[in-house]
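What follows is each chain in one-letter form.
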Amino acid sequence: MERALIILKPDAVQRGLVGPIVSRLEQRGLKFQGLKMMRVTEELARRHYAEHEGKGFFAGLVSYITSAPVVVAVVAGKTGTVEMVRAMVGATNPAKAAPGTIRGDFGVEIGRNLIHASDSPESGERETAIFFQPEELIVEWARIADPWIYE
Ligand code: IDP
Ligand code: MG
């Protein structure tokens with residue numbers, strides 16, 4: 001099992017795109033382990049984006065992600081799920097993201113790119129632990145469609 005942390009960033013929430021984006025992930029067959037609306041504190045933002053500290057866009061990124069509520073989710077699937085989710089999300093800059101991807105269909109600018117998705121299984125675990133308490137996640141649950149999604 002592999003899992004990715006998803007953040008529907010403040011622009012996705014403000015623009016009413018939570019439903020359409022969650023829908024894409026759900027329709028693909030990804031299994032949700034957790035989903036909640038929250039505000040990202042500055043402390044949380046700095047921890048989550050620690051790898052970008054010191055870059056020119058860091059202050060703007062922290063201010064963007066803390067500016068209004070977000071929706072966070074954990075999605076899981078077999079090996080390769082994280083890479084698949086990243087492909088669905090598209091390039092970091094929506095202006096360059098392929099049509100059919102979330103950023104390529106809903107966004108136009110890098111500073112408003114709608115969604116975060118973990119970039120590796122290791123990041124998936126690290127970021128999940130930042131945003132969710134273990135008891136908030138339903139890691140094992142029987143989904144009736146599972147045999148119709150996985151052979
Ligand atoms: P990713 O979200 O596709 O993994 P990263 O390079 O990890 O992209 O950057 C994290 C986030 O920082 C991006 O999603 C975006 O919100 C923001 N960001 C990255 N580069 C820039 C930039 O050049 N200008 C403004 N914001 C940026
Ligand atoms: Mg990243």
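For the structure itself, consult the block above.
Small disclaimer: the values here were computed from a predicted structure and weren't measured. (Residues numbered from 1 in each chain as written. Chains lettered and ligands numbered in written order. Predicted model: local features only at pLDDT ≥ 70, side-chain atom pairs only at ≥ 80, totals over all residues. Heavy atoms only, no water.)

A.B. asks: Please provide a residue-by-residue account of the packing of aromatic side chains, values included.
C.D. replies: One pass over the structure, following the stated rule, counts 0 aromatic pairs. One Lys or Arg, K31, reaches over the ring of W141 and ends 5.2 Å from the middle of that ring. Geometry around F132 places K36 over its ring, the cationic atom sitting 4.6 Å from the centre. (Phe/Tyr/Trp six-rings, centres within 6.5 Å; stacked < 30°, edge-to-face > 60°. Lys NZ or Arg CZ within 6 Å of the ring centre and 35° of its normal.)

A.B. asks: Go over helix 5 (residues 81–89) with me, naming the residues and quoting the values.
C.D. replies: Residues of helix 5 that are buried: T81, V82, V85, M88 and V89. Here the buried residues of helix 5 occupy an arc of 120° about the axis, which is enough to place them on one side. Residues of helix 5 that are exposed and point over 90 degrees away from its buried face: E83 and A87. Where the residues of helix 5 are buried, they touch strand 1 (2–8), helix 2 (18–28), strand 3 (70–77), helix 6 (102–106), strand 4 (115–117) and helix 7 (121–131). (Buried < 20%, exposed > 50% of the residue type's maximum accessible area, 1.4 Å probe, protein only. Helix = DSSP H or I, 4+ residues; strand = E, 2+ residues; numbered from the N terminus. Arc of directions from axis to C-beta. Contact = heavy atoms within 4.5 Å.)

A.B. asks: So what's going on with the pattern of salt bridges? Which residues, and what values?
C.D. replies: Under the counting rule described, the total for this entry stands at 8 salt bridges. One salt bridge connects E53 with R46, and the closest N-O pair in it is separated by 3.3 Å. Residue classification places E53 among the partly exposed residues on the basis of a relative accessible area of 48%. Owing to a relative accessible area of 33%, R46 belongs among the partly exposed residues under this scheme. (Salt bridge = Lys/Arg side-chain N within 4 Å of Asp/Glu carboxyl O.)

A.B. asks: Go over the site of ligand 1, please, and point to the residues and values.
C.D. replies: Neighbouring residues of ligand 1: K9, Y49, H52, F57, L61, R86, T92, R103, I110 and N113. T92 places a side-chain nitrogen or oxygen 2.6 Å from an oxygen atom of ligand 1. Within the contact set of ligand 1, an oxygen atom lies 2.8 Å away from a side-chain nitrogen or oxygen of N113. Among the residues making up the shell around ligand 1, the classes are represented as 4 nonpolar, 3 polar and 3 charged. (Near = heavy atom within 4 Å. Polar contact = N/O pair within 3.5 Å; in protein donor to acceptor, adjacent residues only side chain to side chain. Nonpolar A, V, L, I, M, F, W, Y, C, P; charged D, E, K, R; others polar.)

A.B. asks: Give a description of empty space enclosed by the protein that names residues and reports values.
C.D. replies: Evaluation of the coordinates by the stated rule reveals 1 cavity of 30 Å³ or more. As for the largest cavity, its lining consists of I6, L8, V22, L25, F32, L35, V71, V72 and A73. Broken down by secondary-structure element, the contributors of at least two residues to the lining of the largest cavity are strand 1, helix 2, strand 2 (31–38) and strand 3. Residues belonging to the lining of the largest cavity are distributed by class as follows: 9 nonpolar, no polar and no charged. (1 Å grid on protein atoms, 1.4 Å probe; cavity = no way out; pocket = protein on both sides within 12 Å on 5 of 7 lines; lining within 4 Å. Points joined across faces, edges and corners; volume = space filled by probe spheres on them.)

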